[in-house]
Amino acid sequence: MGYVECHSHLLPFVDDGVKTKEQALRVLHAYKDAGFSIVVTTPHLYNPLVVTHVDNIRTMYRWLEGEGKKLGIRVVLGSETFVGSASHPKNLPFLGNFVLVEVDTSVEPLYLLNYAYTLIKSGHFVILAHIERYDWFSEKSLVVKRLVEMGVFFQSNCDAVLSGTVDSYLNKRMIDIIAGDNHGDDTLPARLAASLQKHPEVLQRMERLFETE
Ligand SMILES: [Fe+2]
C-alpha cells in the first residue's frame, strides 16, 4: 500500500486549485511517481475567500477518478468545509467518514466545537486542516484542548513540517496527519512523501487511521 494524500484541490473548473485538466494529470502523475496509492481531492466548500463551482464537482471528479484508475491511483472525493459562525455547512465525508474542516485564521472558532461534536456523535472523524495557519492555535487555547478531548485530528501541510514551523507540535505528538493541500503543484507530492519519511510516527498513525497498513 502506498501513501495517502487526504487534502488536495485537483478538480479543474471547481475551486482555486488546478486550472486545467492537463495540470491535474501532471499532478496526479507526480503522486504516482512519489509512491501514493490514494489521493483524496477536497474542494473548498463555503470558504468566504474562494469561489467554488459546486455544479462541476461530480463531473470533474468522475473524470479524475477514471484517470486515476489508469495510473493505479484511487482518487477519492471529499471536501474542505469552512466552518463559520452562522451556518450548518455541508461536507463530503471520505475514506470511512472523515470530514476535513477549516476555520477563520484569526478568530478562535468556538462554533467549531459544536459542529465537530455533532459530527463525531454521528460517527464521523473530524480533521482540522493546516493548523499552522491559525493565529489562535496553541496548546494553551481552551478550544484546542476541547478539540483534543473530543478526538478531533490535527493536520499540518508538508511544507510547514519540512520548514520546522510545527516542530513543537510534532514533538508533542499533536500532529495526526501530514498532507499537501495541493493546489496544482507537481513538485509537492515528492515533498509530502519526504515529510512522511521524516516523521514515521505520523505515517504510522495515518496508516492506522486510514486502514492502509
Ligand atoms: Fe485546502
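Structure first, text after, so check above.
Residues numbered from 1 in each chain as written. Predicted model: local features only at pLDDT ≥ 70, side-chain atom pairs only at ≥ 80, totals over all residues. Heavy atoms only, no water.

> How do you make sense of the sheet that holds strand E2 (residues 36-41) when you look at a structure like this?
Strands pair in a sheet through their backbones, by hydrogen bonds, and they do so in one of two ways: parallel or antiparallel. Within the open sheet, the 3 strands sit side by side as E1-E2-E4. Their pairing is parallel. Since the sheet does not close on itself, it has two edges, and those belong to strand E1 (3-5) and strand E4 (74-77), each with one partner. Neighbouring strand axes in the sheet, compared pairwise and without regard to direction, differ in orientation by 15° on average. Relative to E4, E2 runs parallel, the two sharing 4 bridges. For Ile 38, the partnering residue across the bridge sits in E4 and is Arg 74. (Pairing = 2+ DSSP bridges. Helix = DSSP H or I, 4+ residues; strand = E, 2+ residues; numbered from the N terminus. Axes fitted to C-alpha atoms, helices over the stretch in contact; angles between N-to-C directions.)

> Please explain the nonpolar core as it appears in this structure.
The tendency in soluble globular proteins is for nonpolar side chains to be buried as a group. With 75 residues, the main nonpolar core has Leu 128, Phe 137 and Phe 210 as its most contacted residues. For this core, the element with the highest residue contribution is helix H2 (residues 57-71), accounting for 6 residues. Excluding residues within four positions of it along the chain, Phe 210 makes contact with Val 4, Cys 6, Leu 95, Phe 98, Ile 127 and Ile 177. (Core = buried A, V, L, I, M, F, W, Y, C linked by side-chain atoms within 4.5 Å. Buried < 20%, exposed > 50% of the residue type's maximum accessible area, 1.4 Å probe, protein only. Contact = heavy atoms within 4.5 Å.)

> I'm lost on helix H3 (residues 110-121) in this one. Help?
It helps to recall that an α-helix has 3.6 residues per turn; residues three or four apart then point in one direction. In this model, H3 (12 residues) spans 17 Å end to end at C-alpha, consistent with the 16 Å of a helix rising 1.5 Å per residue. The set of residues buried in H3 consists of Leu 112, Leu 113, Tyr 115, Ala 116 and Leu 119. On the buried face of H3, the contacting elements are strand E5 (80-82), strand E6 (98-102), strand E7 (125-128) and helix H4 (142-150). Positive phi shows up at Gly 123, right after H3, with a value of about 90°. (Expected span 1.5 Å × (residues − 1).)

> For this particular structure, what's the right way to read the coordination of the iron ion?
In a perfect tetrahedron of four donors around a metal, the angles come out at 109.5 degrees. In a perfect octahedron of six, they are 90 or 180 degrees. Only His 7 (NE2), His 9 (NE2), Glu 80 (OE) and Asp 181 (OD) from the protein coordinate the iron ion, and they sit 2.0 to 2.2 Å from it. One can describe the site at the iron ion as irregular: its 4 donor atoms subtend angles covering 83 to 173° at the metal. In the primary structure, the donors to the iron ion are separated according to the pattern H-x1-H-x70-E-x100-D. Residue His 7 is located in the loop between E1 and helix H1 (21-33), and its partner Asp 181 is located in the loop between strand E9 (177-179) and helix H7 (188-198); the two are separated by 174 residues in the primary sequence. One exposure class covers both His 7 and Asp 181, and it is buried. (Donors = N, O, S within 2.8 Å, 3.2 Å for Na, K, Ca; no water. Tetrahedral: all angles 85-135°; square planar, octahedral: opposite > 155°, others 65-115°.)

> I would appreciate a short explanation of the state of the cysteines in the present structure.
Simply put, disulfide is the name for a covalent bond between the sulfur atoms of two cysteines. This model, assessed by the stated rule, comprises 0 disulfides. Distance from the sulfur of Cys 6, which forms no disulfide, to the nearest cysteine sulfur (Cys 158) is 11 Å. By relative accessible area, Cys 6 is classed as buried at 0%. Classification of Cys 158 as buried rests on a relative accessible area of 0%. (Disulfide = S-S within 2.5 Å.)

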